[in-house]
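Chains, contacts and geometry: an overview
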Amino acid sequence: MSDRPFLRAVGIKKRFGQVDALRGVDLQIHRGSVTCLLGPSGSGKSTLLRCLNRLETPDEGYVEIDGVVIGFEQGRKRPVQCSPRRLAAQRRVTGMVFQHFNLFAHLTVEQNVTEGQVHGHGVARNAARTRALELLDRVGLADHAQRYPAQLSGGQQQRVAIARAMATAPKVLLFDEPTSALDPELVGEVLGVMRDLAHDGVTMLVVTHEIAFAEEVATHVHVMNEGSIIESGTPAEVIRSPRHARTQTFLARVTRTDRSDAAAAR
Ligand SMILES: Nc1ncnc2c1ncn2[C@@H]1O[C@H](COP(=O)(O)OP(=O)(O)O)[C@@H](O)[C@H]1O
Ligand SMILES: [Mg+2]
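Residues numbered from 1 in each chain as written. Chains lettered and ligands numbered in written order. Predicted model: local features only at pLDDT ≥ 70, side-chain atom pairs only at ≥ 80, totals over all residues. Heavy atoms only, no water.

**Topic: the overall build of the protein**
- Regarding its fold elements, the protein presents nine helices and twelve strands.
- By residue count, 48% of the 266 residues in the protein fall in the buried class.
- Summed over all atoms, the accessible surface of the protein reaches about 13200 Å², with 48% contributed by carbon and sulfur.
- Both charge centroids of the protein, one from 33 positive and one from 29 negative side chains, sit 7 Å from each other. (Helix = DSSP H or I, 4+ residues; strand = E, 2+ residues; numbered from the N terminus. Buried < 20%, exposed > 50% of the residue type's maximum accessible area, 1.4 Å probe, protein only. Areas by Shrake-Rupley, 256 points an atom, 1.4 Å probe, with all protein chains shown as cover. Lys, Arg positive; Asp, Glu negative; His and termini not counted. Charge placed at Lys NZ, Arg CZ, Asp CG, Glu CD.)

**Quick notes on the sheet that holds strand 10 (residues 204-207)**
- Taken together, the six strands give an open sheet; going across it, the order is 8-9-10-3-11-12, and neighbouring strands pair in mixed fashion. Each edge of the open sheet is held by one strand with a lone partner, namely strand 8 (94-97) and strand 12 (228-233). Sheet twist, expressed as the average angle between the axes of neighbouring strands with direction ignored, equals 20°.
- Sheet topology places strand 11 (residues 220-225) next to strand 12; five bridges connect them, and they run antiparallel. Opposite Val 221, over in strand 12, you have Gly 233 as the bridge partner. (Pairing = 2+ DSSP bridges. Axes fitted to C-alpha atoms, helices over the stretch in contact; angles between N-to-C directions.)

**Examining helix 6 (residues 184-199)**
- Compared with an ideal rise of 1.5 Å per residue, which puts 16 residues at 22 Å, helix 6 spans 24 Å between its outermost C-alpha atoms and is within 8% of the ideal.
- Burial in helix 6 covers these residues: Leu 186, Val 187, Val 190, Leu 191, Gly 192, Val 193, Met 194, Leu 197 and Ala 198.
- The secondary structure elements touched by the buried residues of helix 6 are strand 3 (34-38), helix 4 (125-138), helix 5 (154-167), strand 9 (172-176), strand 10 and helix 7 (211-217).
- Backbone geometry just downstream of helix 6 places Gly 201 in the positive-phi region, at approximately 90°. (Expected span 1.5 Å × (residues − 1). Contact = heavy atoms within 4.5 Å.)

**Re the state of the cysteines**
- For the coordinates displayed, the defined rule picks out zero disulfides.
- With no disulfide of its own, Cys 51 has Cys 82 as its nearest cysteine by sulfur position, at a separation of 15 Å.
- Under the relative-accessibility criterion, Cys 82 is labelled buried at 13%. (Disulfide = S-S within 2.5 Å.)

**Things to note about the nonpolar core**
- Leu 136, Ile 162, Phe 175, Met 194 and Met 204 are the most contacted members of the largest nonpolar core, which has 48 residues in total.
- When residues in this core are grouped by element, the largest group, eight residues, is from helix 6.
- Here this core spans two domains, and each of domain 1 (7-93 + 170-265) and domain 2 (108-169) adds at least three residues to it.
- Among residues more than four places away in sequence, those in contact with Leu 136 are Val 109, Glu 110, Val 113, Leu 141, Ala 142, Ala 145, Val 160 and Ala 163.
- Val 63, Leu 174, Val 207 and Met 224 belong to the second largest nonpolar core, which has 23 residues in total. (Core = buried A, V, L, I, M, F, W, Y, C linked by side-chain atoms within 4.5 Å. Domains from an automatic or database assignment.)

**A few points about the sheet that holds strand 4 (residues 60-65)**
- Read from one edge of the open sheet, four strands run 2-1-4-5, paired in antiparallel fashion. Each having just a single partner strand, strand 2 (19-29) and strand 5 (68-69) make up the two edges of the open sheet.
- Relative to strand 2, strand 1 (residues 7-16) runs antiparallel, the two being bridged by eight bridges. From the neighbouring strand, Lys 14 faces strand 2, where its bridge partner is Leu 22.
- Each of strand 1, strand 2 and strand 4 is contacted by helix 1 (residues 45-52), which is oriented at about 60° to strand 2, the strand it contacts most.

**Section: the environment of Gly 24**
- Within the secondary structure, Gly 24 sits in strand 2.
- Gly 24 sits 15 residues away from Ala 9 along the chain, and the two C-alpha atoms are 9.5 Å apart.
- Look past the residues within four positions of Gly 24 in its chain and what remains in contact with it is Gly 11, Ile 12 and Lys 13.

**Structural notes on the site of ligand 1**
- Surrounding ligand 1, one finds Phe 16, Val 19, Ala 21, Pro 40, Ser 41, Gly 42, Ser 43, Gly 44, Lys 45, Ser 46 and Thr 47.
- A distance of 3.1 Å is found between an oxygen atom of ligand 1 and a backbone nitrogen or oxygen belonging to Ser 43.
- The contact in question runs from an oxygen atom of ligand 1 to an N or O atom on the side chain of Ser 46, over 2.9 Å.
- For the shell around ligand 1, the secondary structure elements donating two or more residues are strand 2 and helix 1.
- Looking at which element gives the most residues to the shell around ligand 1, the answer is helix 1, with three residues.
- Grouping the amino acids of the shell around ligand 1 by side-chain chemistry returns four nonpolar, six polar and one charged. (Near = heavy atom within 4 Å. Polar contact = N/O pair within 3.5 Å; in protein donor to acceptor, adjacent residues only side chain to side chain. Nonpolar A, V, L, I, M, F, W, Y, C, P; charged D, E, K, R; others polar.)

Take a look at the structure:
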């Protein structure tokens with residue numbers, strides 16, 4: 001891990017009508033690190049991820065990834081807003097995994113992992129297919145390549161979505177509650193794939209309520225509340241000895257839910 005942060009979000013603000021979704025968020029991520037973002041529903045976690053990959057444009061602040069300020073390019077005198085084409089290229093440094101998988105239902109598993117490479121990145125179809133099969137193997141689904149999403153379990157679909165997010169070789173993977181839509185017995189296989197990626201040094205930012213996963217895999221943990229990051233540190237610091245009362249309340253609630261989910265699954 002180098003000392004220079006690989007991703008920097010500086011003073012990010014985002015407002016929707018009367019709602020201050022983000023009230024000036026600073027975040028730094030180092031190459032090869034795994035950052036978990038915790039916090040109650042509505043605290044701004046998804047909005048922050050969407051600002052990082054430019055699905056949303058921040059009202060204020062900026063995001064710099066690998067030395068590039070997203071959305072801008074050097075003009076003759078100063079940085080200016082960049083063209084949509086340049087922005088599309090800049091956005092490819094991030095890959096996103098969503099809560100609801102968002103696979104194309106009419107495409108096979110292999111095609112889901114291939115199409116973005118061919119259309120978004122101009123990769124030759126054969127090379128894209130080879131890479132798709134390698135990635136499907138990596139998430140344990142090589143033998144499902146010719147199936148359609150509806151023929152897979154939720155856990156398998158999410159593993160395809162992870163392969164798809166990696167297919168275009170992003171420099172950072174963003175996960176927005178990747179296991180929240182899954183039946184409890186399918187959560188483990190998805191977390192297992194994410195754990196393997198972490199061990200392979202993939203840089204990841206993960207919004208999750210899986211506290212045990214954060215404790216085991218994360219290098220850094222941040223807690224959001226009402227549009228701000230209220231607490232940051234190692235998992236041991238934030239999860240074992242939270243300083244902020246709101247962090248304590250949040251952790252008590254999600255760990256209690258974890259247990260009742262587990263009880264319901266039995
Ligand atoms: N597109 C939108 N339009 C209006 N309000 C939004 C929009 N996206 C998010 N919000 C609001 O911003 C706040 C933060 O939302 P979100 O980032 O989704 O939180 P989280 O992911 O932590 O649950 C919430 O109050 C939410 O209702
Ligand atoms: Mg969310």
